[in-house]
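# Summary of structural features
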Amino acid sequence: MIDHTTLITYILIVLGFVFIPGPATLLTMARAASSGTRVGIATGAGIAAGDVVHTTMAIIGLSAIIATSALLFSVVKYAGAGFLIYLGIRAMLDKTPLEVNGGAPAISAVRAFRQAVLTEVLNPKTALFFLAFLPQFVRPEHGSTTLQLALLGAVFVLLGLLSTVVFAVGAGRLGNLLRRHPAVVKWQGKVVGTIYCAVGVRLALQER
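Computed from a prediction, not measured in an experiment: that's the story for all the values here.

## Quick word on the overall build of the protein
Each helix and strand counted, the protein has nine helices and zero strands in total. Partitioning the contacts of the protein with sequence separation of at least 6, the portion at a separation of at least 24 is 85%. Per element, the accessible surface of the protein, about 10600 Å² overall, is 70% carbon and sulfur.

## A look at the packing of helix α1 (residues 4-18) against helix α7 (residues 145-169)
Packed helices, taken two at a time, are described by their axes: the angle between them and the distance between them. Following both chains from N to C, one finds α1 and α7 inclined at 35°, their axes separated by 9 Å at the closest point. At the point where α1 passes α7, the crossing takes the right-handed sense. Of the residues in α7, those touching α1 at Tyr10, Ile11, Val14, Leu15 and Val18 are Leu152, Gly153, Val155, Phe156, Leu159, Gly160, Ser163 and Phe167. Along the lines of polarity and charge, the residues of the contact of α1 with α7 split into ten nonpolar, three polar and no charged.

## Looking at the nonpolar core
One recurring pattern in soluble globular proteins: nonpolar side chains tend to sit buried together. Core analysis: the biggest nonpolar cluster contains 19 residues, and Tyr10, Val14, Phe133, Leu134, Leu152 and Phe156 have the highest contact counts within it. Going through the elements one at a time, α1, α3 (37-68), α6 (124-133) and α7 are the ones with two or more residues in this core. Non-local contacts of Phe156, meaning those with residues more than four positions away in its chain, are made with Tyr10, Val14, Asp51, Phe129, Phe130 and Phe133. Among the nonpolar cores identified, the runner-up in size contains six residues, and Leu26, Ala32, Phe167 and Ala168 belong to it.

## Details of helix α5 (residues 109-121)
The terminal C-alpha atoms of α5, which comprises 13 residues, lie 18 Å apart, in line with the 18 Å expected from a rise of 1.5 Å per residue. Looking at α5, one finds that the buried residues are Ala109, Ala112, Ala116 and Glu120. The buried side chains of α5 occupy one side of the element, clustering within an arc of 60° when seen end-on. Structural note: α5 exposes Arg114 and Leu118 on the side pointing more than 90 degrees away from its buried face.

## A closer look at the side chain of Thr28
Within the secondary structure, Thr28 is located in helix α2 (residues 23-35). In contact with Thr28, not counting residues within four places along its chain, are Gly40, Thr43, Gly44, Ile47, Thr164 and Ala168.

## With respect to the environment of Thr146
If you trace the backbone, Thr146 turns up in helix α7. Note: C-alpha distance between Thr146 and Gly61 (85 residues apart in sequence) is 9.8 Å.

About the cut-offs
Residues numbered from 1 in each chain as written. Predicted model: local features only at pLDDT ≥ 70, side-chain atom pairs only at ≥ 80, totals over all residues. Heavy atoms only, no water. Helix = DSSP H or I, 4+ residues; strand = E, 2+ residues; numbered from the N terminus. Contact = heavy atoms within 4.5 Å. Areas by Shrake-Rupley, 256 points an atom, 1.4 Å probe, with all protein chains shown as cover. Axes fitted to C-alpha atoms, helices over the stretch in contact; angles between N-to-C directions. Left-handed = near helix turned anticlockwise from the far one by under 90°. Nonpolar A, V, L, I, M, F, W, Y, C, P; charged D, E, K, R; others polar. Core = buried A, V, L, I, M, F, W, Y, C linked by side-chain atoms within 4.5 Å. Buried < 20%, exposed > 50% of the residue type's maximum accessible area, 1.4 Å probe, protein only. Expected span 1.5 Å × (residues − 1). Arc of directions from axis to C-beta.

Structure, rendered in structure tokens:
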């Protein structure tokens, strides 16, 4: 199973990802701001459910690759590293303004949950992110790669859900902060981009 040092490192990196405002966070905040905290939490739960689907798909493909082929593992690793660095550069260069509340009409929690699940499942970037991110913390010599991937995926989903709940509860205050201070949005992209690039470089340098 995953050693404690690797798991703690993974948790700290994931916390950095999920608590820095990104698309999922902004969607949750928008729902909470326009339709209430309950709808915001339902949106976060839907995103988490979508991430469970992506985790399952990653486990099915990655466990076989890691276990059977060093060459294929290297291909996945370098492709994943390149994708993460690409996302990082895009995030740092992106100048698209982000709006927390676009005046969307109120909807029910059930509908918000369903929409969030569909949005997350149909997001190819999320699928590629899981394929790129999870393998770097897997150590075949520590036991079943399937169990390691499942644990890593579960931790990511739970921490992601925790972050969206926190942001949903504080959506009003955080929304005002983002709207009143454009610099927060501007630097958010640079921080996220730097993290993506750093993780991508780490993945490229990792040995099987």
